[in-house]
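One-letter residues, chain by chain:
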Amino acid sequence: MLRLLLLRHAEAATYATGGDLLRPLTPSGRAGAARMGEYLRTSRLSPDRILFSPAFRTRETLDIVEQQIPKPVARWSEPSLYNAAVSAIDGVLAKTPSGVKSLLIVAHNPALGEFASARASDGDAGSLAAIRRHFPAPCLAVIDFACEDWSDAASCPGWLDRFVTLATLSNS
């Protein structure tokens, strides 16, 4: 079984000198990223590999989240995750080595929400519906695939293990 963790970056400033790629997190975004990192730690969701969009807000989110991950994890910037489509995420998965059993992707909407909706074909009905309604910044979708190779994930049924938002963390 393969586990995919999709983390949408935390809340970012609406504007940055230098354009969209350079938008930083807001103070509230930094706090939200820290809460997501704490959730990953306390839930023992530790990836084998991390891929992230080259946008500053995804790197900043990841830097904060990684402070909570107990072991060092190999991480790579993946340019195709910026302004991605579902097919681009499928392509990233297809290139992931089979030794990686748990992969964290830190990227953007609408691609992450659309990917989670398209690939999580089963799971808690309420969480599946919530993903289809809104994939807020930040949030985490954990999808398990009943296949052995990432190149099969596009055609392999995905099970939504959980969908975590700041609102659900506040209610727990």
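For the structure itself, consult the block above.
Fair warning: this is a prediction, and the values are worked out from it, not measured in the lab.

(A) Local environment of the packing of helix α1 (residues 27-42) against helix α2 (residues 56-66). It is the contact of α1 with α2, at a shortest axis distance of 8 Å, that shows an interaxial angle of 45°. Here α1 lies oblique to α2, going by the angle between them. In terms of crossing hand, the pair formed by α1 and α2 is right-handed. Across the interface between the two elements, R30, A33, A34, G37 and L40 of α1 pack against E60, T61, I64 and V65 of α2. Tallied by class, the residues present in the contact of α1 with α2 amount to five nonpolar, two polar and two charged.

(B) Here's a closer look at α2. All buried positions along α2 are accounted for by R57, T58, E60, T61, L62, I64 and V65. Considering only its buried residues, α2 is in contact with β1 (2-8), α1, β2 (49-52), β3 (74-77) and β4 (102-107).

(C) Structural view of the pairing of β3. Note: β2 against β3, four bridges, orientation parallel. Considered in β3, the bridge of I50 is made with R75.

(D) Geometry of a nonpolar patch on the surface. A contiguous nonpolar patch, built from L21, L22 and F56 and spanning about 240 Å² of accessible area, is present on the exposed surface. The topology assignment puts L21 in the loop between β1 and α1.

Reading the values: rules and limits
- Every chain begins its residue count from 1, and numbering advances along the sequence as written.
- pLDDT decides what is reported in this predicted model: residues at 70 or higher carry local features, side-chain atom pairs at 80 or more are listed and counted, and totals for whole chains, interfaces and linings draw on all residues regardless.
- Note that water and hydrogens are dropped before the side-chain values are worked out from all heavy atoms of the structure.
- Lines fitted to the C-alpha atoms define the axes, with helices restricted to the stretch that makes contact. Angles between their N-to-C directions range from 0 to 180 degrees.
- Only DSSP runs of H or I covering at least 4 residues are called helices, and only runs of E covering at least 2 are called strands; the numbering of each starts at the N terminus.
- Any angle from 65 to 115 degrees is called roughly perpendicular, while one under 35 is roughly parallel, one over 145 is roughly antiparallel, and all others are oblique.
- In a left-handed crossing the near helix is turned counterclockwise from the far helix by less than a right angle, and in a right-handed crossing that turn is clockwise.
- Contacts were defined at the residue level, with two residues in contact if any of their heavy atoms lie within 4.5 Å.
- Think of it as three bins: nonpolar holds Ala, Val, Leu, Ile, Met, Phe, Trp, Tyr, Cys and Pro, charged holds Asp, Glu, Lys and Arg, and polar takes everything else, Gly as well.
- Residue burial is assigned from relative accessible area. The probe radius is 1.4 Å, only protein chains are included, and a residue is buried under 20% of its type maximum, exposed over 50%, and partly exposed in between.
- The rule for pairing is simple: two strands pair if DSSP sees at least two bridges between them.
- Every patch collects residues that have over 30% relative accessible area and no salt bridge, joining them within 9 Å if they carry like charges and within 5 Å if they are nonpolar side chains (Val, Leu, Ile, Met, Phe, Trp, Tyr).
- Using the Shrake-Rupley algorithm and a 1.4 Å probe, accessible areas are obtained, with residue cover drawn only from the displayed protein chains.
- Here a salt bridge means any side-chain nitrogen of Lys or Arg lying within 4 Å of a carboxyl oxygen belonging to Asp or Glu.

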